Amino acid sequence: MSLNSFRLLSAALIFFSFDATAAIRQTKGDFEDKFRQLDETLPTANIYRTAGGEPGHHYWQQKVDYEIKVKLIEDKRRLEASEQISYMNNSPDSLRFLWLQLDQNRFRSDSMAEMTRAFADKSIRGAKTEGAKGDKPPRISIDELRRQQFMEDNELGYEISSVNDLDGRALVYTVVGSLMRVDLAEPLNSGESVSFKIKFAFNIVEEDAVAARAGYEHFPDDARSGGNDIFLLAQWFPRLAAYTDYEGWTNKEFLGRGEFTLEFGNYTVDITVPADHIVASTGVLQNTDDVLTPIQRERLKQAETAKNPVFVVTAEEALENEKAGTRKSKTWRFEATNVRDFAWASSRKFMWDAKGYQQGGETQPLVMAMSFYPKEGNPLWSKYSTNAILHTLEVYSRMSFDYPYPVAQSVNGPVGGMEYPMITFNGPRTDEQDDGSRTYSQAEKRYLVGVVIHEIGHIYFPMTVNSDERQWTWMDEGLNSFLDAIAGLEWDPDIPWKVEPRDVVDYMKSDQQVPIMTQSDSVLQLGPNAYSKPAAALFILRETILGRELFDFAFREYARRWMFKRPTPADFFRTMEEASGVDLDWFWRGWFYSTDHVDLSVDRIWKLRLDTLDPDIDLERRRQEEEDKPLSIIVERNRADFELWVDRNQDVRDFYDKNDRFTVTNKERNEYQKLIDELEDWEKVALERAVKEDKHYYVLEFSNHGGLVMPIILELTYTDGAQEIMRIPAEIWRRNSSSVKKMIVTERELVQVVIDPRWETADVDIENNHYPRRIIPSRIEAFKTPEREGLEQRDIMQDIKTELETGEEEDK
């Protein structure tokens, strides 16, 4: 027998299947290369950004310094300010004009943001169109009415008084929506700087009315006549738009969703507020002797080395402070070095606690973690806010780099959660009870811990790793959601952080999605698209594809490379590949550039057994297989009903009644012996070992219904109850992304296979992950059909007797 003939025979395996669903097979012409290299899509590497994802030898970014004097006019809820801007042109280009962001202009009634608000858009609170096809009348909420009325009753947006050079000469400027172009008197060449001054003012929005990222919140029930306010100030000064190597001026209109693209610089800011206000701000307070009492300064010093947070302003002092205002003012001076933005908060309602974080190292050995909050936040805030800051610093520094700034602050106010350099705004509150005590729900506690971790985490991304938020929201929100979940799970794994792969399944299979790479203002569902889905993708990368060691090294390398610089998605993708040593183009392409989802199915499993080629063994096996088939129901009933004809007439029996097609003759034995004799020695050894081991051979057929290629994670269960996990890399799909077969060889007999048993990959249909298919678990929920509601269902005869409540009884 020839070698080829032997190989054909030795590969003759007997096939059995558990049960089968036809596998999806690729047809002619529909091939799609899911592993096509992403460099065909990414920007070409250049002297500014390398092919390995690093800043290039000629990388540059602009620098902008600000000196600002601002006054809070409390009774008018208004800011009046002047700023001196110094702009350093580090680019190789000559600039004839500069673009500034005027974010307060977003609230003007004629702004692009307002003019393009579509009804029933998620940005409109309470606007609702009922019915699948909008076939019911639209509705609008009181919240939206309040917003419209506030914007109608108040003059909003910037009032620009002047734009002058340092000699007082007016510069030509043009306001374009939420942007302003300042024309320079002469071109600003590479390596040169220019300084100019702006005087401006604006009326502060009521955050609860307009749902902004900053604003004031009013507390009418405070003891002080007229009540008190908390002011959160962000996007409050005209600031330079970024000029970049990849886009030039990033002068895209601010529509409210896409956040900010900014330049690093140094700030000196004088903030004048009522003398009884406490101010929290980006930067380090320079004049503590002027604005803090001796006891407050002493407490702040004690907090540096305290084991627990120390009150700088106590609850009792804050409550007393609420009772009366003042016509006097104080100026708080803050300085901040190498930050991309500046925000602050002011109120007489604030209590203030602080604790030093002994970070060590050369970057910032001591970081002051501090929280500012009114009585409405306690006792929740005093227990958790500063501690959550400290936990965040520990985890994020481990995952990226040492925290680079001297302070990290959490401030309670009307904003649910926003981040700025060194300061964050966070919203959770407590509820006042009838006995005067204040309590909070478990949900509010989880909200506070989660939002503080998330917003403080943003000081790393994008406040330090300075990605372009307006263009690529996921680069800060997605990466930060991933990291805040790591920190959150280390804080309390019972809190549902909602960014694991299992948490994005419904979104992944929905038709209301766009690729993660979509510009933020065009995203259909911002939360899942920019937060949850990219975070889940990174968890898959860390836990399933790369493993923690490779991922963590690569991620820290990305953070280190781009600290205080401006990365793009290409820089992130390339760094993660270069530092991990793993080609991930298929992963970025599927998760970030498409709306494919994960739906892998195990469709059929063939059980194979190796023929020994020995007729005495193989034909006996085949006889046994025949006997194992179920007996024909007709034959069974015939035997029960009457005696067979051949049993009643024995004389008709012959040789074939005692021998069948599985009977072995010496002819087959001689052929087998001849075949064995003709084998090479190595062929005999291979065959004898295979026959002796008698392993179990299985061919598993998989199909990809969702389009997104992923590793195939298998849980194999054997007849003895033992289980093992097998991980097949995603590259198995490289030649056919629709269907694939895989042979596995086992010592024990297989009884069940499950794809992704721990829900690691966001597979949207776990039922086709089981083979054999399982009975689908569900619940039966008893209910009573509700009565039809409508105007005719009201009992008007009874309801007409109801007396009108005037509130007079409560007043008595």
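Residues numbered from 1 in each chain as written. Predicted model: local features only at pLDDT ≥ 70, side-chain atom pairs only at ≥ 80, totals over all residues. Heavy atoms only, no water.

Peer 1: Just to check I follow, could you spell out the packing of aromatic side chains for this structure?
Peer 2: If you walk through the whole model with that rule in mind, you get 53 aromatic pairs. For Lys383, the ring lying beneath its charged end belongs to Tyr384, and the centroid distance is 5.9 Å. (Phe/Tyr/Trp six-rings, centres within 6.5 Å; stacked < 30°, edge-to-face > 60°. Lys NZ or Arg CZ within 6 Å of the ring centre and 35° of its normal.)

Peer 1: Just checking my understanding: could you explain the confidence of the model for the protein chain for this structure?
Peer 2: Close inspection of predicted coordinates is inappropriate for parts of the model with low pLDDT. Predicted confidence across the protein chain gives a mean pLDDT of 90, with 91% of residues reaching 70 or more. Counting contacts from residues 1-27, a segment whose pLDDT is below 50, to residues more than four positions away or on other chains yields 64 contacts. (pLDDT = per-residue confidence, 0-100. Contact = heavy atoms within 4.5 Å.)

Peer 1: Honestly, the sheet that holds strand 10 (residues 228-233) in this entry has me stumped. Any pointers?
Peer 2: Two strands in a sheet stick together by hydrogen bonds in their backbones, pointing the same way (parallel) or opposite ways (antiparallel). Ordered in space as 9-10-19-15, the 4 strands form an open sheet in which the pairing is antiparallel. At either end of the open sheet lies a strand with only one pairing partner, and these are strand 9 (215-219) and strand 15 (278-281). Mean inter-strand twist for the sheet, computed between neighbouring axes without regard to direction, equals 10°. In the sheet, strand 10 pairs with strand 19 (residues 344-347) via 3 bridges, with the strands oriented antiparallel. Each bridged residue has a counterpart across the sheet, and for Phe231 the counterpart in strand 19 is Ser346. (Pairing = 2+ DSSP bridges. Helix = DSSP H or I, 4+ residues; strand = E, 2+ residues; numbered from the N terminus. Axes fitted to C-alpha atoms, helices over the stretch in contact; angles between N-to-C directions.)

Peer 1: Explanation requested: the sheet that holds strand 7 (residues 179-188) in the structure shown.
Peer 2: Taken in spatial order, the 4 strands of this open sheet run 6-7-4-11, and their pairing is antiparallel. A strand with exactly one partner marks an edge of an open sheet, and here the two such strands are strand 6 (173-176) and strand 11 (239-240). The pairing of strand 4 (residues 95-101) with strand 7 spans 6 bridges and is antiparallel. Along strand 7, the bridge assignment pairs Leu95 with Leu188.

Peer 1: Hey, could you run me through the side chain of Asp341 in this one?
Peer 2: With respect to the element layout, Asp341 can be found in the loop between strand 18 (329-339) and strand 19. Here Arg239 takes part through its side chain, which lies 2.6 Å from a polar atom of the side chain of Asp341. Setting aside anything within four residues of it in sequence, one finds Asp341 in contact with Phe237, Arg239, Leu262, Tyr267, Thr282, Tyr420 and Pro421. (Polar contact = N/O pair within 3.5 Å; in protein donor to acceptor, adjacent residues only side chain to side chain.)

Peer 1: Before we go on, may I ask you to explain the packing of helix 10 (residues 474-491) against helix 14 (residues 569-580) in this structure?
Peer 2: Two packed helices can be described by the angle between their axes and the distance between those axes. It is at 11 Å that the axes of helix 10 and helix 14 come closest, and there the two elements cross at 40°. It follows from the interaxial angle that helix 10 and helix 14 lie oblique. Contacts between helix 10 and helix 14 pair Trp474, Met475 and Leu479 from the former with Pro569, Phe572 and Phe573 from the latter. Grouping the amino acids of the contact of helix 10 with helix 14 by side-chain chemistry returns 6 nonpolar, no polar and no charged. (Parallel < 35°, antiparallel > 145°, perpendicular 65-115°, else oblique. Nonpolar A, V, L, I, M, F, W, Y, C, P; charged D, E, K, R; others polar.)

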